[in-house]
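An overview of the molecular structure
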Number of protein chains: 2
Amino acid sequence: MDWVAVDWGTSNLRAWGIAAEGDVLWEKTSPKGMGKLSRNEYPDALLEVLVGAAHEQSRQLDVVICGMAGAKQGWLEAPYLEAPTDLRGLLDGAVRPSVPGSHVAATILPGVCQRAGDDNVMRGEETQLLGLASLHPGFAGLVCMPGTHSKWAHLAGTRIEHFSTAMTGEMFEVLRLHSVLRHSLSGELNGPGRKDGFAAGAADGLERPEHLLGMLFRIRAGSLLSDRQPDWCAGYLSGLLIGTEIASNRHLIGDTPVPLIGSPVLCDLYQKVLGMIGIKGEPQDATQTVLAGLRAARSFAA
Amino acid sequence: MDWVAVDWGTSNLRAWGIAAEGDVLWEKTSPKGMGKLSRNEYPDALLEVLVGAAHEQSRQLDVVICGMAGAKQGWLEAPYLEAPTDLRGLLDGAVRPSVPGSHVAATILPGVCQRAGDDNVMRGEETQLLGLASLHPGFAGLVCMPGTHSKWAHLAGTRIEHFSTAMTGEMFEVLRLHSVLRHSLSGELNGPGRKDGFAAGAADGLERPEHLLGMLFRIRAGSLLSDRQPDWCAGYLSGLLIGTEIASNRHLIGDTPVPLIGSPVLCDLYQKVLGMIGIKGEPQDATQTVLAGLRAARSFAA
């Protein structure tokens, strides 16, 4: 084993042992995400994941980390690079927290921010974007990264030109759990009506993205008046939010295919909705993408 | 005292004793809204409010009720009238639950629904709309009723032609309490920055109503990057949501003044944002409006 790649998110962390030739030797997942750790618990959380890793204990072990471990409330703050920026500079912007009593040399990559009246932040996605650039040399265009906070980024080679964030996934969850819509969304959400609801919601969102606040209440009214079941309502809400998000980015998309980086389930939904406006969505393997990004970041040392 | 007018909402109920000449003799408020009552607790909740009311106990006492007491989960369901409809028909659509051991003759007015692929519901607002029609005979145009679930209704005399609902107030609350924005909105929300934040958010919402999902996250980024304080962020969120709501109804508003029925604080905010697009908002006294509506409903017996 030559080094260890780590994606340290809010809810968990994933680590891969990488051979000198670049092969992945092992993969481990731990539930110790940023959300569950105080600052001084990070070194042990990392060492736990490394226990048993084949490695000469006398030699330094490089661990390259992306994600929330570098947030202000994480292990050690890695100040943002500011977009537009070349992602080959990630390692230059990294910070190096100490891991006492070990040979581990930990490196936390920075996130990317955007200012000038268009405030935005990402942590972790920048490494996936560098991975995409590395796996598809010469790619230039818009990339969509569906999730709790979906990112849309303009990439040109290894440069990130501009990005935005849509609170789509989180909106689904807070409305499902905490709004009046919870009455329409309690029960079996994955029944046969979900697909039809999704298609109807996506069509409405694509057609009238400025009407989100009004369309949402129609879910409640639909279950009161038209016997809409929870599965249909959940599909409608999901489709409406994704349709609204895609329509609001329609002017940036152009006609070229849009790479999608995220969970397979989400990427499939975004691909469907992009297809409704004649755009090809191209789901990427998120794990391969972040690994490629960590590899690439490591290779661009100043 | 000739009769009693009651506005029975989700969180409380308000009652007014009315003289034969129409004067309000007394007003009482009780916290026993629909949300806190099971079906069989309504009669006692009403009688508690009527205790001590000057009234010959031997004579029938008419009590006319609007609002959530007529919901499916309320006292006794008063089936919706279906828009478009003439609100002079409210009393014809009323239901009459019994109040055992008393001379009270209770009448619950129906709400209004809308179907035909444009599902929507209201309960309580229809009575305010009839009140507006009664206080402003001949009024025809759009009426805005800001609140947890804001209503926008096209009124022509006593006819309601069409309406919609925006989840604006509820969205503010669920995002403030349950989303990642809570980190930017904890602390003093009514400080001096609130006004500037409101103006900035309203301008963004008016300009780009289709971008709500993206603009929301900029609140979080703004507090991370630009030292935006909780009062500014709360103002921005409020302005963004109201601006988005108003922009999404812009095509229906025309150039005529828009009556606003709601709390004075909310009506003032909506009036400000309407003013930013050159539209005059005209706040109404919500209590006088609902009282006028209950009076008018009672007068249009078939």
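Residues numbered from 1 in each chain as written. Chains lettered and ligands numbered in written order. Predicted model: local features only at pLDDT ≥ 70, side-chain atom pairs only at ≥ 80, totals over all residues. Heavy atoms only, no water.

**Regarding the interface of chain A and chain B**
The condition is simple: Contacts were defined at the residue level, with two residues in contact if any of their heavy atoms lie within 4.5 Å. The quantity reported as buried area is the accessible area (1.4 Å probe) lost by two parts once they are put together, taken as the sum for both. Salt bridge, as used here, is a side-chain nitrogen of Lys or Arg placed within 4 Å of a carboxyl oxygen of Asp or Glu. We call two N or O atoms a polar contact when they sit within 3.5 Å, provided that within protein one can donate a hydrogen and the other can accept it, with sequence-adjacent residues counted only if both atoms are side-chain atoms. Going along the chain from the N terminus, every DSSP run of H or I of four or more residues is numbered as a helix, and every run of E of two or more is numbered as a strand.
Contacts between the two partners involve 43 residues from chain A, matched on the other side by 42 residues from chain B. Buried surface at the junction of chain A and chain B, both sides included, amounts to about 3,600 Å², of which 67% is carbon and sulfur. Its largest share of buried area at the contact with chain B, chain A owes to Leu213(A), Phe217(A) and Leu225(A), together 21% of the area lost on that side. Across the contact surface, chain A and chain B share two salt bridges. A salt bridge links Asp118(A) to Arg218(B); the shortest N-O distance between them is 3.6 Å. If you look at where chain A meets chain B, you find 12 residue pairs in polar contact (both at pLDDT 80 or more). Broken down by secondary-structure element, the contributors of at least two residues to the side of chain A that touches chain B are strand 8 (112-114), strand 9 (120-122), strand 12 (159-166), helix 3 (168-178), helix 5 (212-225) and helix 6 (230-248) of chain A. Considering every element that reaches the side of chain A that touches chain B, the biggest residue donor is helix 5 of chain A, with 10 residues.

**A closer look at the sheet that holds strand 5 (residues 81-82) of chain A**
All names here are of chain A. We apply this condition: At least two DSSP bridges between two strands are needed for those strands to be called paired.
Across the sheet, three strands lie side by side as 5-8-9; this open sheet has mixed pairing. Here the strands that pair on one side only, and so sit at the sheet edges, are strand 5 and strand 9. Bridge analysis of strand 5 against strand 8 gives two bridges, and the strand direction is parallel. Each bridged residue has a counterpart across the sheet, and for leucine 81 the counterpart in strand 8 is valine 112.

**Focus: helix 1 (residues 42-50) of chain A**
All names here are of chain A. Rules: Burial status follows relative accessibility: with a 1.4 Å probe on protein chains alone, a residue under 20% of its type maximum counts as buried, one over 50% as exposed, and anything between as partly exposed. In this description, one arc is meant: the one made by directions from the helix axis to the C-beta atoms.
Here helix 1 has its buried residues at Tyr42, Pro43, Ala45, Leu46, Val49 and Leu50. All buried residues of helix 1 lie within an arc of 165 degrees about the axis, which places them on one face of the element. Looking at the packing, one finds that the buried side of helix 1 touches strand 1 (3-8), strand 2 (13-18), strand 3 (24-30), strand 4 (61-67) and strand 7 (104-108). Within two residues after helix 1, glycine 52 carries a phi angle of roughly 85 degrees, on the positive side.

**Observations concerning the relation of the copies chain A and chain B**
Applicable threshold: Superposition of the copies was done by least squares, using only C-alpha atoms of residues whose pLDDT is at least 70 in both.
For the pair chain A and chain B, the relating rotation is 180 degrees, the translation along its axis is 0.0 Å, and the fit reaches an RMSD of 0.0 Å. On the angle and the small slide along the axis, the relation comes out as a two-fold axis. When each C-alpha of chain A is compared by its distance to the rotation axis, Glu210(A) comes out closest, at 1.9 Å. When you check the interface residues of chain A against chain B, 98% turn up at the interface there too, and the contact is symmetric in its surfaces.

**Section: the packing of helix 4 (residues 194-207) of chain B against helix 8 (residues 264-276) of chain B**
Residues and elements named next belong to chain B. Stated precisely, the cut-off is as follows: Helix axes use the C-alpha atoms of the stretch in contact, all axes being lines fitted to C-alpha atoms, and the angles between their N-to-C directions lie in the range 0 to 180 degrees. By the definition adopted for this analysis, an angle is roughly parallel if under 35 degrees, roughly antiparallel if over 145, roughly perpendicular if from 65 to 115, and oblique otherwise. Crossings are assigned a handedness: left-handed for a near helix turned anticlockwise from the far helix by less than a right angle, right-handed for a clockwise turn. Classes in brief: Ala, Val, Leu, Ile, Met, Phe, Trp, Tyr, Cys and Pro nonpolar; Asp, Glu, Lys and Arg charged; the others, Gly included, polar.
At a minimum axis separation of 10 Å, helix 4 and helix 8 run at an interaxial angle of 55 degrees. Considering their axes alone, helix 4 and helix 8 lie oblique with respect to each other. In the crossing of helix 4 with helix 8, the sense of the turn from one axis to the other is right-handed. Within the contact between the two elements, helix 4 uses Phe198, Ala199, Ala202, Ala203 and Leu206 and helix 8 uses Leu269, Lys272, Val273 and Met276. Partitioning the contact of helix 4 with helix 8 into residue classes produces eight nonpolar, no polar and one charged.

**Side note on the pattern of salt bridges**
In a structure, side chains of opposite charge can pair up when their charged atoms sit close to one another. For the coordinates displayed, the defined rule picks out 20 salt bridges over all chains. Across the pair Arg298(B) and Asp62(B) runs a salt bridge, and its minimum N-O distance is 3.4 Å. Taken together, the residues Arg298(B) in helix 9 (residues 286-299) and Asp62(B) in strand 4 (residues 61-67) connect sequence positions 236 residues apart. With a relative accessible area of 26%, Arg298(B) lands in the partly exposed category. Among the charged side chains, a salt-bridge network with shared partners connects Asp2(A), Asp62(A) and Arg298(A).

**Points about the sheet that holds strand 8 (residues 112-114) of chain B**
Spatially, three strands are ordered 5-8-9 (chain B) in an open sheet, and the strand pairing comes out mixed. Lying at the two open borders of the sheet, with one neighbouring strand each, are strand 5 (81-82) and strand 9 (120-122) of chain B. Here strand 8 of chain B pairs with strand 9 of chain B via three bridges, running antiparallel. Along strand 9 of chain B, the bridge assignment pairs Gln114(B) with Asn120(B). Strands strand 8 and strand 9 of chain B of the sheet are contacted by helix 5 of chain A, whose axis makes an angle of about 85 degrees with strand 9 of chain B.

**Some remarks on the packing of helix 2 (residues 125-135) of chain B against helix 9 of chain B**
Residue and element names in this part refer to chain B. Where helix 2 meets helix 9, the axes come as close as 7 Å, and the angle between the chain directions of the two elements is 90 degrees. Accordingly, the angle class assigned to the pair helix 2 and helix 9 is roughly perpendicular. Across the interface between the two elements, Thr127, Gln128, Leu130, Gly131, Leu132, Ser134 and Leu135 from helix 2 touch Ala286, Gln288, Thr289, Val290, Ala292, Gly293, Leu294, Ala296 and Ala297 from helix 9. Looking at the contact of helix 2 with helix 9 residue by residue, the class counts come to nine nonpolar, seven polar and no charged.

**A short note on the packing of aromatic side chains**
How we decide: Stacked, tilted and edge-to-face are the three classes assigned to paired rings of Phe, Tyr and Trp, where Trp is represented by its six-membered ring and a pair needs centres within 6.5 Å; plane angles under 30 degrees give stacked, over 60 edge-to-face, the rest tilted. The rule is short: NZ of Lys or CZ of Arg within 6 Å of the ring centre and within 35 degrees of the ring normal puts a charge over the ring.
For the structure on display, the rule yields eight aromatic pairs over all chains. Taken together, a centroid distance of 5.7 Å and an interplanar angle of 15 degrees make the contact between Tyr42(A) and Trp75(A) stacked. Here the residue Tyr42(A) occupies a position in helix 1, and Trp75(A) occupies one in the loop between strand 4 and strand 5, the gap between them amounting to 33 residues. Sitting over the ring of Trp26(A), Lys28(A) keeps its end group 5.5 Å from the ring centre. Looking at Arg88(B), its charged tip hangs above the ring of Phe300(B), at a distance of 5.9 Å from the centre.

**Considerations on the pairing of strand 2 of chain A**
Residues and elements named next belong to chain A. Counting buried residues in strand 2 gives five out of six residues, a clear majority hidden from the surface. What sits between strand 1 and strand 2 in their antiparallel hairpin is a turn of four residues. The pairing of strand 2 with strand 3 spans six bridges and is classified as antiparallel. The partner of arginine 14 across the bridge, within strand 3, is threonine 29. Hairpin remark: strand 2 followed by strand 3, antiparallel, with five residues in the connecting loop; positive phi at glycine 22, about 100 degrees.

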